[in-house]
Each structure stands twice: as C-alpha cells, then as structure tokens.
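This is what each chain is made of:
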Amino acid sequence: MKNFKRFFLSIFILSLCAVSFFFLWKNLKIQWIDKPKTEQFIQERQGLERLLKNSSEIHRIWQDGEDSREWVQLKKECLNYFKINTIFDESLLRCHPMILQCIDKFYKKLDFHFVSPIGERSSQEKIYRYLTKSNTVHQQLPASGYLFTIEDNQTSQKLNLFLSDSCHEVFLPKRMYAYGEEVQEDDYKFDNFDQNIYIDRHLITHSEINEWIDFGNLDQVHGLKKKDGNDLFLPATDLTMDQMLGYCSFRGKQLMLAHYFDAATFLPMDLAENNPVKIKRSPYYWTKKKSEFKPNCHYLYANECISKFPYRLNFSEPTWTGLMDAMGGGFEAFRNPIDPDSNLKASSMHFNFKSPWHKLGFRAGWDGEGFDIRHFDFKAIEPSIISQHFEVGFRCMRESK
Amino acid sequence: MNKIGLILFLILFFIQGCLDFTKPVDDLISLELKIYHEWLYAHRVLGLQNNDQMIEKPLGVESLILTLKMVDDGGVKIKTHCLYYRVPYKKIIGVLKILELKSDSSCPESPVSTSWLELIAIKNLKLKLENFKLSLSFSHNEKNIVWTFLLPNLNAGIIHEKYQAARDNKLFPNLSLLRINEESFEESRSLYVGKINDHFSNGSAHLCYQVNKNCQEVLPDKCDECRFGWYQVVDYQCPRGGSRYCGQNHCGEKGEPACPRGESFLQDQEPGICQSDLSPVWNGDHLLICQ
C-alpha cells in the first residue's frame, strides 16, 4: 500500500514536472526563439513609419519645387546633369520629377532610395512612371501624375507614391463672361456659375510631351521626338491639332476652348460684381483702359523683344486669373466651338508691337495639320517674319466636380 | 515536510509556467502591422457614429462599428473592411473582428464568415478619426493600447479656391499611395471607361452622370471612371449641373452636344453654345444638340 502511494506520488510529481517543463519550454521558446520575430515586427513598423516620414518630405519637395532647400543645394549639379544652361521659369519645377531625380542621383545620405516602379518601360531607366487613367487600371487614381517607388534601406519595405501634377492649373472664378472682342451690339455672354473650370497656367512643355511619348499610346505620338536640355521647359510646338486633342485626353483633360481663354484673360472691370449687365473689356490683359497699350516685353513678348531677351516660357506677366503668355510669345491653338476658323492666338513674337494682332479675343486661323504659312489664315495681316515653319503651342483645361 | 515543500515548489513552478503562457506583445504588434499595411490605402471611412467616445452598447452582441474602403493588391478592385465589436458583458468577453469583403459592397450587420483579423479579450474600445488619422484605443490584459493609423489616401473632397490649382483635402494634398503590381498595367482588367475616338455624334460616347428634369440622379456620378476625362452637356438646370459624358469634348460641332453656356441662359433662346453656322436644338432626350 505504501509502495503504491509512493509510486502514485512519483508519477504525479513526474507528470507535474513534465507539464511544467513543457510550459516553461514554450515560454522560453517564445522569449528566445520567437523574439527575433517580435523584433522583426517592431523593425517593420519602424521601417513603415520611416517610409511615411520620407513620403511627407518628398511631398514637400514636390509642392515647393524651386523654393525647396534641396533645389538650392542641387541646382548646379542638377542643371548640368540635364544639360540646361539657359534661364527658365523655375516655378515649372513644382510638381515636376526633375528635383527628385537629382535627389536620387546626388543625395547619398538618405535612409531610403528610389527604385524603378514596376512596369517602367522607358529606355532611360527612369525612377518614375507617368500614370494616367489611360495607361493603368489602378482604381482611385486621382488624376494624372508620377509614380515613384521608394524603398527603406534597413527593412527593404517599399511604398508606391503617386504625385499628382495638377499644381500648374488655375481656377476660373465663377462669374459672367463674354466671348471675343467687345462689340457695339449684344455681346456673346456665358457664365460658369455651375462649373468648376481649371485651366493650365502655362503652355504644354516638351518635358510634358516627353512623358506622353514614353508612357502614352504609341499610335498617337507618331512623328514626335523627345526633346532634352534647354528645350525641356520650352513650349511643345510641333503637335498637330489631333495630337493636341490626344495629349489633353491622355491627361483626362480637354484642349483649351477659346471662350474660356477669353474668360481667363480679359480683365473684369469690377471683380466684386460677378454678374454685370454689360461686360466691358480692354483688349489688353494688364489694364482696364482700352487705350493703355504698353510696348513692353514683360507684358507682351513681341518681335522687337527677340533681340533684347531670349524667349522663354512664362516670360510675360500673368493675367488676372494667373494664366501665363496670354499675349505675345508663341502662337497658341484652341478649339473654338463658336468660330472654328478663329482658333489661333496670333499675338506673338512673329508680329511687332504695332501689329493689330496684339489684342485679346482677336484670333487667326490654323488648319491644325501643318506648320508652313499655307496652313495659317492671318486674315491679310501677315507676320513680320515669314517663317517656313511656324510653331504652335497649346494648353489644356478641364472641368472638375 | 521535505516532500510537501517539493510538491509546493513543483506546483508553484507549474503555475508560473502556465501563467506566462501568453504572448500579448508580439501578437499585438503583428496585428497592428497587419492592419496598418491595409488601411494605409483606405480612401473612404464610413459609418463612424461615436467619434472619440467609448463604445458601450450593445452589450455582449457583435455590431458593425466602421467600414473602410481600399483597393486590393494591384489596385484593380475596391475591397471592403468591416469592423465589428462585441462590448464585454458579464462572462462574455469583448472582441474586435475585421471582416474583409473582396468587393465594393456594404457590410452585413454582423460578421457572416471567417474574420480577416480577430482580437479577443478587449474592452473600453474607442475609435477616433481626426486629421486623416484613425486611432483605436482599448484595454487588453489590463494594458491600455492605442493604435494610430495614418490614412493618406482618405479624401475629404476637392478644395476650389480662386486663382489656385485644385487641391485634394487630404493628409498630403496631391500625394496618394498606390498598390502597384503587374496587374496594375493589364489593360484587359481596366474598369476605366471610353476610347479616345468616342464621339457623341456616332453614338459611342458613354454617359457617366445623368439627371432628370427633377434633378434626380438617374445615373449616379461615375465620371471618375472615365479613361479620357469627361464633359458636361446641357439638359437640365440642376445644382450639380447637367449630365456628363466620358471622353474628348467636341461640343459645339455638328451633331455634338452644345457647350454649356451657363445657368443664366437656360431660359434663353440659345441655352448652349454651337458653331455660328449651327443652331442648338433639344433632342428626344431633352439634350441640347448642335444641328
């Protein structure tokens, strides 16, 4: 009986020991063997937080562009790298991939690096891919923009950043407008009280067309060649009207409509009155006075200016809405739904200051197919320089919800 | 006495071994990370009723407390996360469950299938959505835990300001996080609508928003799904404007819709803009066409 009790006690103690050791082993395993897993989670979370912090920095550089401290530091190397040696409007660097490309190239002390996004197919091994709804199936894409992929140096985690390029648009204030030059009889009036209209602040650049060539539909970019160096920030002026329409569509926009260009350029007589009965307008965007013409290259880059200042995009002052190059500079094409044959802003460097073309709302015609003089209708007011090959720029617009 | 001491020691040893058999820390971190990797891409948060208030009802019953919408891997489809919480009551422990629906659909009132994530034995749950951050605070094993998730894709609308570019009301305006993989570029999977050469006049244009004469939405707004942009036409004067079509705008041209002339002109002889050699006429669907 005593032996039996001892035997039972021994079995009980041994069982207790076995169970205790099993649990102890489990705990030690959790603490020692699984510990690296816990640390891995912590590191992964820290890596994700670093990526988000870096995303916020990238976003700052994207928004600030030429005002960012990174541009101040990198400007010289960056311009050398892109072979740019002329002055250009550096505000074009906002929402533009150039600074980020230079950070990737010349900044070494970062805790992340850029990697080529999946599907990047251009020959230059770009660190980004230009995305629009026409070249990706990704849902919830806000608009057109640039896809960058960043990788955390420590954890190799990646984040795909989509940076929208919509910061070069201006909002057309909601008010009553009129089409074309002021006439004695009834004006052709329209309003945009129930529309949110956004217009490109500047003409489309070669740099933007390069993205279309690299990432757009190959059928549409036929005959277009990519530009580099000093041409990057000059207006793209070698597209046919169909290509202009196609480019704006690629970005989910429309080619600029002539009457909205008038709306954004004629200076309202009274900004506080958004529904005036009579819409008086001066032919010059800088003044309300009809007679206050200024032969000044900073208002109107005319033929005389070529010898004084090299032409560049956004050389002149902005209009009341913020639109650049409303007069002078290069030709600009529109789609005119009222008078389709008056679809060209002829006020340009092809005419001297005295030319009657330098008036808002007064347009020439372009057939949209070619660039020599037979494709243009200057209504008997011929240019000062008869070029064998005129250049025609354009911009896009869109309606927003 | 020695034997009793040994037994007591072994019992204590046993209890100690059992008591420590929990792994709350790494479990919580892994769960938090699992959620973070998904919610980082959330673009909509729905159904939050008591922001920054402890959820105390209904007791002991699982109920839907939040819905989040996000894209799947590759961004091809929208999926849904449904959050359910059971408030602890007597012997019923508190549970947070997340159900994942692989589609853009509404959440059932209670979880109907296996949870994507389950967190048991929690209490005092509080949700807070502020400044594009979603915080979950709760007690777990007598510890107060706060999880904060950044929601950089959450969009509270577009800000229109005079003389300014459009700005998304987001954590980082103009920045979104995408879930890119090879599928993101498989054109056959695209849900975006329209072709570059679609024209209203040849019947190929797609309506993306339609209103009737009472300004009721006959077709809810899907214009964000237009591959090549969209444009408004003139049909009815409604607070959000007229109906809209996807594609390249050819308004004013023959057989195409008239361009909007604005709300001040809807009763005018010419309520829309057409080329000077054409006239605007209402078609059978009360849409202004240039003929």
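Residues numbered from 1 in each chain as written. Chains lettered and ligands numbered in written order. Predicted model: local features only at pLDDT ≥ 70, side-chain atom pairs only at ≥ 80, totals over all residues. Heavy atoms only, no water.

(A) Region of the structure containing the sheet that holds strand S8 (residues 133–140) of chain B. All names here are of chain B. The sheet built from four strands is open, its strands ordered S2-S7-S8-S9 with antiparallel pairing. This sheet does not close on itself; its edge strands, each paired only once, are strand S2 (53–54) and strand S9 (143–150). Here strand S7 (residues 122–130) pairs with S8 via seven bridges, running antiparallel. Each residue of the ladder has a partner; that of Lys 126, found in S8, is Ser 137. (Pairing = 2+ DSSP bridges. Helix = DSSP H or I, 4+ residues; strand = E, 2+ residues; numbered from the N terminus.)

(B) Expanded view of the packing of helix H3 (residues 69–81) of chain A against helix H4 (residues 98–106) of chain A. Residue and element names in this part refer to chain A. At their nearest, the axes of H3 and H4 sit 9 Å apart, and the two run at 85° to each other. One finds that H3 runs roughly perpendicular with respect to H4. Contacts between H3 and H4 involve Glu 70, Trp 71, Leu 74, Glu 77, Cys 78 and Tyr 81 on the former and, on the latter, Met 98, Ile 99, Cys 102, Ile 103, Lys 105 and Phe 106. Grouping the constituent residues of the contact of H3 with H4 by class yields nine nonpolar, no polar and three charged. (Axes fitted to C-alpha atoms, helices over the stretch in contact; angles between N-to-C directions. Parallel < 35°, antiparallel > 145°, perpendicular 65-115°, else oblique. Contact = heavy atoms within 4.5 Å. Nonpolar A, V, L, I, M, F, W, Y, C, P; charged D, E, K, R; others polar.)

(C) A look at the interface of chain A and chain B. Listed by partner, the interface residues are 84 residues for chain A and 94 residues for chain B. Between chain A and chain B, a total of about 7,900 Å² is buried, with carbon and sulfur atoms accounting for 62% of that surface. Linking chain A with chain B are four salt bridges, by the criterion used here. A salt bridge links Glu32(B) to Arg45(A); its shortest N-O distance comes to 2.4 Å. In this structure, the connection of chain A to chain B is made through 36 residue pairs in polar contact (both at pLDDT 80 or more). Taken together, the residues of the side of chain A that touches chain B break down into 41 nonpolar, 28 polar and 15 charged. Bridging between strand S4 (residues 158–164) of chain A and strand S12 (residues 175–178) of chain B involves four bridges; their strand directions are antiparallel. The partner of Leu163(A) across the bridge, within S12(B), is Leu175(B). (Buried area = accessible area lost by both parts, 1.4 Å probe. Salt bridge = Lys/Arg side-chain N within 4 Å of Asp/Glu carboxyl O. Polar contact = N/O pair within 3.5 Å; in protein donor to acceptor, adjacent residues only side chain to side chain.)

(D) How the structure looks around the state of the cysteines. Residue and element names in this part refer to chain B. Evaluated as defined, the whole model comprises 10 disulfides over all chains. Across the disulfide from Cys 82 sits Cys 107; the S-S distance is 2.1 Å. The S-S bond linking Cys 82 to Cys 107 shows a torsion near -85°; that makes this disulfide left-handed. With Cys 82 in strand S4 (residues 78–86) and Cys 107 in the loop between strand S5 (95–101) and strand S6 (117–120), the pair connects residues that are 25 residues apart, well separated along the chain. For the residue pair Cys 82 and Cys 107, the accessibility class agrees, reading buried in each case. Two residues share a disulfide in this structure: Cys 226 and Cys 246, whose sulfurs sit 2.0 Å from each other. With the S-S dihedral at roughly -65°, the linkage between Cys 226 and Cys 246 falls on the left-handed side. Linking Cys 226 in the loop between strand S14 (217–219) and strand S15 (230–232) with Cys 246 in strand S16 (residues 244–246), this pair joins segments that are 20 residues apart in sequence. Both residues of the pair, Cys 226 and Cys 246, belong to the buried class. The cystine pairing of chain B, numbering bonded cysteines in sequence order, is 1-2, 3-5, 4-7, 6-8, 9-10, 11-12. (Disulfide = S-S within 2.5 Å. Buried < 20%, exposed > 50% of the residue type's maximum accessible area, 1.4 Å probe, protein only.)

(E) A look at the domain arrangement of chain A. Residues and elements named next belong to chain A. With domains assigned, chain A is organised as domain 1 (36–164) and domain 2 (169–401). The straight-line distance from the C-alpha centre of domain 1 to that of domain 2 is 32 Å. Domain 1 puts 27 residues into the contact, and the matching count from domain 2 is 17 residues. Our count for the contact surface shared by domain 1 and domain 2 stands at two salt bridges. Asp 214 is the partner of Lys 126 in a salt bridge, and the nearest nitrogen-oxygen pair spans 2.6 Å. Where domain 1 touches domain 2, the interface holds 10 residue pairs in polar contact (both at pLDDT 80 or more). When residues in the side of domain 1 that touches domain 2 are grouped by element, the largest group, three residues, is from strand S2 (residues 128–131). A class-by-class count of the residues in the side of domain 1 that touches domain 2 yields 11 nonpolar, 10 polar and six charged. (Domains from an automatic or database assignment.)

(F) Local environment of the confidence of the model for chain B. In the predicted model, chain B carries a mean pLDDT of 89, and the fraction of residues at 70 or more is 91%. The ipTM for the predicted assembly is 0.88, set against a pTM of 0.89. (pLDDT = per-residue confidence, 0-100.)

(G) Focus on the side chain of Glu399(A). The topology assignment puts Glu399(A) in strand S15 (residues 396–400). In this structure, Glu399(A) is buried with no salt-bridge partner, the nearest side chain bearing the opposite charge being Arg244(B) at 5.1 Å. Here the side chain of Glu399(A) touches Gln195(A) through a polar contact of 3.0 Å, side chain to side chain. Here Gln232(B) takes part through its side chain, which lies 2.6 Å from a polar atom of the side chain of Glu399(A). Leave out the neighbours within four places in its chain, and Glu399(A) touches Gln195(A), Asn196(A), Ile197(A), Trp230(B) and Gln232(B). (Lys, Arg positive; Asp, Glu negative; His and termini not counted.)

(H) Geometry of the nonpolar core. Residues Ile209(A), Phe378(A), Phe394(A), Trp39(B) and Trp147(B) are the most contacted members of the largest nonpolar core, which totals 106 residues. If sequence neighbours within four positions are ignored, Phe394(A) has contacts with Leu203(A), Ile204(A), Ile209(A), Ala236(A), Leu239(A), Met244(A), Tyr247(A), Cys248(A), Leu255(A), Glu332(A) and Ala333(A). Phe190(A), Leu267(A), Leu360(A) and Cys251(B) belong to the second largest nonpolar core, which has 39 residues in total. (Core = buried A, V, L, I, M, F, W, Y, C linked by side-chain atoms within 4.5 Å.)

(I) Structural context of the side chain of Ser184(B). Within the secondary structure, Ser184(B) sits in the loop between S12 and strand S13 (207–211). At 2.8 Å, the side chain of Ser184(B) forms a polar contact with the backbone oxygen of Gly74(B).

(J) Structural detail: unusual backbone geometry. Here the bond from Lys57(B) into Pro58(B) is cis, since omega is -10°, no more than 30 degrees from zero. Mapped onto the elements, Pro58(B) comes out in the loop between S2 and strand S3 (62–71). With phi around 65°, Gln140(A) is a residue other than glycine that occupies positive phi space. Take Gln140(A): its relative accessible area is 44%, and that puts it in the partly exposed class. A positive phi is found at Ser156(A), a non-glycine position, where the angle reads about 65°. Checked against the element boundaries, Ser156(A) lands in the loop between strand S3 (145–152) and S4. Residue Ser156(A) is classed as partly exposed on the basis of its relative accessible area, which comes to 44%.

(K) Here's a closer look at the environment of Tyr301(A). Residues and elements named next belong to chain A. For Tyr 301, the location among the structural elements is in the loop between helix H7 (258–265) and strand S10 (331–333). Among the residues examined, Tyr 301 registers a relative accessible area of 2% and is labelled buried. Setting aside residues up to four positions removed in sequence, Tyr 301 forms contacts with Ile 306, Phe 309, Pro 310, Tyr 311, Phe 315, Met 327, Gly 328, Gly 329, Ser 348 and Met 349. Separated by 2.5 Å, the side chain of Tyr 301 and the backbone oxygen of Phe 309 make a polar contact.

(L) Here's a closer look at a nonpolar patch on the surface. Side chains of Leu59(B), Tyr89(B) and Ile92(B) sit close together on the surface and give an oily, nonpolar patch of about 250 Å² of accessible area. Looking at the secondary structure, you find Leu59(B) in the loop between S2 and S3. (Patch = residues over 30% accessible without salt bridge, like charges linked within 9 Å, V, L, I, M, F, W, Y side chains within 5 Å. Areas by Shrake-Rupley, 256 points an atom, 1.4 Å probe, with all protein chains shown as cover.)

(M) The arrangement of the sheet that holds strand S12 (residues 363–366) of chain A in detail. All names here are of chain A. Spatial ordering of the open sheet is given by S13-S12-S11-S10-S14, a layout of five strands whose pairing is mixed. Both outer strands of the open sheet, strand S13 (376–377) and strand S14 (392–393), are each paired with one neighbouring strand and no more. Bridge count for S10 against S14 is two bridges, and the pairing is parallel. Among the inter-strand pairings, Phe 331 is bridged to a residue of S14, identified as Val 392.

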